[in-house]
Amino acid sequence: MINIIKSAAAEINIDPKEVAVYLGYYSAETDDNTKTLIAECTEEFLKAADFRACYAEVDVSANGEIDLGNGKIICNSLKRNLDGCEKAYVFAATTGIESHRLIERNSIISPLKGMVTDCIGSAAIEAFCDKINLSFENCECLRPRFSPGYGDMPLECQKDIVEFLQTKKNIGMSLTESLMMVPVKSVTAIIGIGKEKNKCTGPGCMICSGINCPYR
Amino acid sequence: MTIIEKIKSGTTYCDGGAGTLLQSWGLKAGEKPETWNITNPEKIIEMHRLYLDAGANIITTCTFGANRLKFDNLEEIVTAAVNNAKTACEEYENAFVALDIGPTGKMLEPLGDLSFEEAVSIFSETIKIGANAGADLILIETINDSYEAKAAVLAAKESCDLPIFITCVYDDAHKLMTGADPKAMIAMLEGLGADAIGMNCSLGPKQMAEIVPEFAKYASVPIIVNPNAGLPRSENGKTVYDIDADEFSDIMCDIVKSGATIIGGCCGTTPEHIKKTVEKTKNLPFALPEKKNHTLVSSYTHAVEIGKHPVIIGERINPTGKKRFKEALRENDIGYILNEGLAQNKKGVEILDVNVGLPEIDETSMMVNVIKALQGVTDLPLQIDTVDPIAMEKAMRIYNGKALINSVSGKEESMKAVFPLIKKYGGAVIAVTLDENGIPASAAERVEIARKIISRAKEYGIDENDIIVDPLAMAVSSDSESANVTLKAVKELHKTGIKTSLGVSNISFGLPSRADVNSVFYTMAMQCGLDCAIINPFSDEMMKAWHCFMALTGKDENCSDYIEFADKLSPVQTLASEKSDMSLDVCIISGLKEQAGAVAIELLKTTSPMEIIDGMIIPALNTVGKGFEEKKVYLPQLLMSAQAAKEAFEAVKSAIPAGENKKGKVIIATVKGDVHDIGKNIVKVLLENYGYDVLDLGKDVAPETIVDSVKSSGAKLVGLSALMTTTVPAMEETIKLLRKEAPECKVMVGGAVMTEEYAAMINADSYGSDAMASVRFAEKIYCN
């Protein structure tokens, strides 16, 4: 069964520091003008956003494969991620079509505002996904979200996930021919449900092996 | 009895859910139910019969996902589905086969990549097959996007003569997923001529019961309500719904009492739900919705009602008398035009007039492009303003909502051209009171022409509420009676319930201080009952007149809008006096946009434009750019400076002889299949800052288009952007074609997935790791 969740904008905490990281400040102090702009655009973004997610629990085969009805998702990096899991969540989330329009609109008004709003959108969808995943019953046993495009998991898997979760109908998210997600701030992922607590969990991308990544 | 006679004679019942039933009969998860029309026809027929036995009159074919995107054997499936439904209906009275049309599953342009015409074509294909197979009506359902709803209804209109029913998916905020509220959907769908409209899926009957009164308030056609059986939950691995047949049917009684006359069920409902609903509601009083007397135009989110208060139609998207706007049209600078729209939006206009006619450009394609782009970024309803019937039709077709059309006149030729379009696509139209004999001198004669237009419109089946009469404001400088005549006509028309509009500013033609004359005339006209006016929302005088009128006539509660407006008026003046104290380079380096523009204007009095550009703007930009390259300045700061520099540029540009200021042409585009252009836009603003003539082709641009532009413009440099690995091949293809067709042209590439190696692999001349890098490469090409 596909579960659908909505969150009010007030429940989503967008960290301006994370937005600044996306804007290229990394660990440097954000200047005041940019800080003000981030605050303004965050308010605007949260007004436009409509946070929706949907997910379903699926079986993971003994050799780490998932069957979404349209053929199995098989790839080595996902297998590694799902090692020891018998079940997984197929997950999709979005910040909604009006937030997509806002990014488009702001980038017409000014490329700067467009870019800042875009980065806020990235921080917002991450915050939303984290919030939803933490609300799952067995959240302490969850593996990090694994999305098409990670490792050797082909982007084509987006199609299977979108079809399987009927994301267009359930949360208003769809794919273009070139596999871009609409609304632009959307996520699809497989989340393994492990058996042991606190194994392989970590906030956001901290689990990744790229310790020199600037976003870290 | 036909289905139309049936829905007019009493409550009509649709069937309920299919998925749960078919799954209990062996349909596997992931298996497409439509294939059962061929593999298990007896089960499909059995399902239809269960609903007919329960009392349903409308049986929906098992074709929800049947379209060419999902099925190669579409004809076979749809024909079998209609035949199965017909077979089931054979022994029943008053049973009708509805060809079920579900959404395509794709998002339409500009948000997604499915073009409107492609969507129409996909729906048309299924509808033609279903109509040929003998369906009695078309039921378009589970649509959560207004644009897709329009494509489907239009497809049905163009493909068959069957009645069209349509139900959309509203959420608990009473909106479609893409934002439309019931009023907007009613305006658009009734305009398109749907025979019955309503809602299905997503919500249970309780929540839908709250939406039905909104439909009853605005709809003139029968209302359809097909709820889910409440909310789903998982029980032992199976999906169950929380509202049983008893509770469901109880609430359906309330829904009928609120005004729905066509009812049934959606996900989770069973023949039992329908049976009990029929039993409990069949003896309730039946009343079709009354015909409503309102004038609505709509966008993809909301409807604007003309007749409640004076509606402002923003006039600024119009080249008449505007040099910069004409230049934007000639250079295909859609961004400038969009900004004109967005700025008016901010000023509080409710409808945007769109006029892009210029003799030297292709008005039709410009109109279509501008409308498409505008409805991607602003939710204001648009007024399609053109005298060219072809441009008018193309624009009305792709418009996402019910447009306002400007205009029709009392000339027979005009009415013959415009009214069929209104009938087909829906719309309200401005009717100007002139005919073959010109503009009559008296108010009475203008009212007479208005009546003639309305009565001719009725012959085409167009409601008089969709005609808004413009009794024409003419220059008072050449005829001292002209304002009196116009105002008298407005009053007269208003008295008889006819809606009115005026192009206000014509009144002051030939006079000094035109804004003062316009604003007083505007107030007088509003006092006479004027319903809408095309005005310049950037004119403080006009906006003052409007805000004051609203406050003084009790249309602005607590005068709160007026107070907010008045608050905003003063600070601009104080800012202007502070501007000139700073030097231009400080303004640019600090990213002070307004100040940079003002200081540049001041400087022009003493300094030549080229000196300002080469001696001040560019060095300031270089300082910031260098800081960025050394990682001392960050991208947002670089862009703030760029915007300030742009403002200064705009200010001095007008003082430079055409063509002298540009260093060279650069074409930029996001490649085919790629719909993200934030990075490209940043590159654009920086290149423009450095004096390049940037031709921005937009996003999702085909290789051929890029090559054609290179050839026609003679640009020596092309910048390509791609965000994803899936669109890099399109970049490679573009470069290949450029090498072949325009070998002298250099190509720089950039984007999230791009790397130095990748760029070399696809044979690009340069990889731009950031926006400054693109400027440096352009300098290499053009400045050496």
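What you see is a predicted model, and the numbers here were worked out from it, not measured in a lab. (Residues numbered from 1 in each chain as written. Chains lettered and ligands numbered in written order. Predicted model: local features only at pLDDT ≥ 70, side-chain atom pairs only at ≥ 80, totals over all residues. Heavy atoms only, no water.)

## Here's the deal with the packing of helix 7 (residues 146–159) of chain B against helix 16 (residues 412–425) of chain B
Residue and element names in this part refer to chain B. Between helix 7 and helix 16, whose axes approach to 10 Å, the crossing angle comes to 115°. Contacts between helix 7 and helix 16 involve Leu154, Lys157 and Glu158 from the first element and Lys423, Lys424 and Tyr425 from the second. Of the residues in the contact of helix 7 with helix 16, the class split is 2 nonpolar, no polar and 4 charged. (Axes fitted to C-alpha atoms, helices over the stretch in contact; angles between N-to-C directions. Helix = DSSP H or I, 4+ residues; strand = E, 2+ residues; numbered from the N terminus. Contact = heavy atoms within 4.5 Å. Nonpolar A, V, L, I, M, F, W, Y, C, P; charged D, E, K, R; others polar.)

## Here we look at unusual backbone geometry
Cis peptide bonds are those with omega within 30 degrees of zero, and the linkage from A:Val182 to A:Pro183 qualifies with -5°. One non-glycine residue with positive phi stands out, namely B:Asn94, at about 50°. Relative to the elements of secondary structure, B:Asn94 occurs in the loop between helix 5 (74–89) and strand 3 (96–101). Residue classification places B:Asn94 among the partly exposed positions, given a relative accessible area of 29%. Of note in the backbone geometry, B:Lys631 takes a positive phi value of approximately 60° without being a glycine. Tracing the backbone through its elements, the reader meets B:Lys631 in the loop between helix 24 (609–629) and helix 25 (635–653). A relative accessible area of 65% places B:Lys631 in the exposed class. (Buried < 20%, exposed > 50% of the residue type's maximum accessible area, 1.4 Å probe, protein only.)

## Structural notes on the interface of chain B and chain A
Across the contact, 49 residues belong to chain B and 42 residues belong to chain A. Contact between chain B and chain A buries roughly 4,100 Å² in total, counting both sides, with carbon and sulfur atoms accounting for 64%. Counting the contacts that link chain B with chain A gives 5 salt bridges. Across the pair B:Glu148 and A:Lys168 runs a salt bridge whose closest N-O atoms are separated by 3.1 Å. Taken together, the connections running from chain B to chain A amount to 15 residue pairs in polar contact (both at pLDDT 80 or more). Classifying every residue of the side of chain B that touches chain A by side-chain character gives 21 nonpolar, 20 polar and 8 charged. (Buried area = accessible area lost by both parts, 1.4 Å probe. Salt bridge = Lys/Arg side-chain N within 4 Å of Asp/Glu carboxyl O. Polar contact = N/O pair within 3.5 Å; in protein donor to acceptor, adjacent residues only side chain to side chain.)

## Re the domain arrangement of chain B
Residues and elements named next belong to chain B. Parsing chain B into structural domains produces domain 1 (3–281), domain 2 (295–568), domain 3 (582–653) and domain 4 (665–783). Centre-to-centre, using C-alpha coordinates, domain 1 lies 38 Å away from domain 2. Tallying the contact residues gives 22 residues for domain 1 and 23 residues for domain 2. When domain 1 packs against domain 2, the two sides together hide about 1,700 Å² of surface, and 50% of this comes from carbon and sulfur. (Domains from an automatic or database assignment.)

## Some words on the sheet that holds strand 18 (residues 467–470) of chain B
Residues and elements named next belong to chain B. Ordered by their spatial adjacency, 8 strands build a closed barrel running 13-14-15-16-17-18-19-20, and the pairing between neighbours is parallel. On average, each strand axis in the sheet is inclined to that of its neighbour by 30°, with strand direction left out of account. Packed onto the sheet, helix 13 (residues 334–347) meets strand 13 (311–317) and strand 14 (351–354) and runs at close to 155° relative to strand 13. The strands that helix 14 (residues 363–377) touches are strand 13, strand 14 and strand 15 (382–385); relative to strand 15, the one it contacts most, it runs at about 175°. (Pairing = 2+ DSSP bridges.)

## Topic: the packing of aromatic side chains
Summed over the entire model, instances satisfying the criterion amount to 12 aromatic pairs over all chains. Seen from their ring centres, A:Phe91 and A:Phe136 are 6.3 Å apart, and the 85° between their planes marks the pair as edge-to-face. Separated by 45 residues along the polypeptide, A:Phe91 in strand 5 (residues 87–94) and A:Phe136 in the loop between helix 5 (111–135) and helix 6 (157–164) bring together distant segments of the chain. Judged by its relative accessible area of 4%, A:Phe136 falls in the buried class. Seen in terms of ring centroids, B:Tyr692 and B:Tyr782 are 6.0 Å apart; in terms of plane orientation they differ by 45°. Their pairing is tilted. (Phe/Tyr/Trp six-rings, centres within 6.5 Å; stacked < 30°, edge-to-face > 60°.)

## Overview of the side chain of B:Ser146
Residue and element names in this part refer to chain B. Along the chain, Ser146 falls in helix 7. Given the relative accessible area of 1%, Ser146 is considered buried. Polar contacts involving the side chain of Ser146 include one to the side chain of Asn400, which spans 2.8 Å. Beyond its immediate stretch of four places on either side in the chain, Ser146 contacts Leu176, Thr178, Ala180, Met185, Met188, Tyr300 and Asn400.

## Details of the sheet that holds strand 5 (residues 164–168) of chain B
Residues and elements named next belong to chain B. Ordered in space as 1-10-7-6-5-4-3-2, the 8 strands form an open sheet in which the pairing is parallel. Looking along the sheet, the strands with just one partner apiece sit at the ends: strand 1 (12–13) and strand 2 (58–60). Looking at chain direction, strand 5 and strand 6 (residues 196–200) are connected through 4 bridges and run parallel. Looking at the pairing, Thr167 lines up with Gly198 of strand 6.

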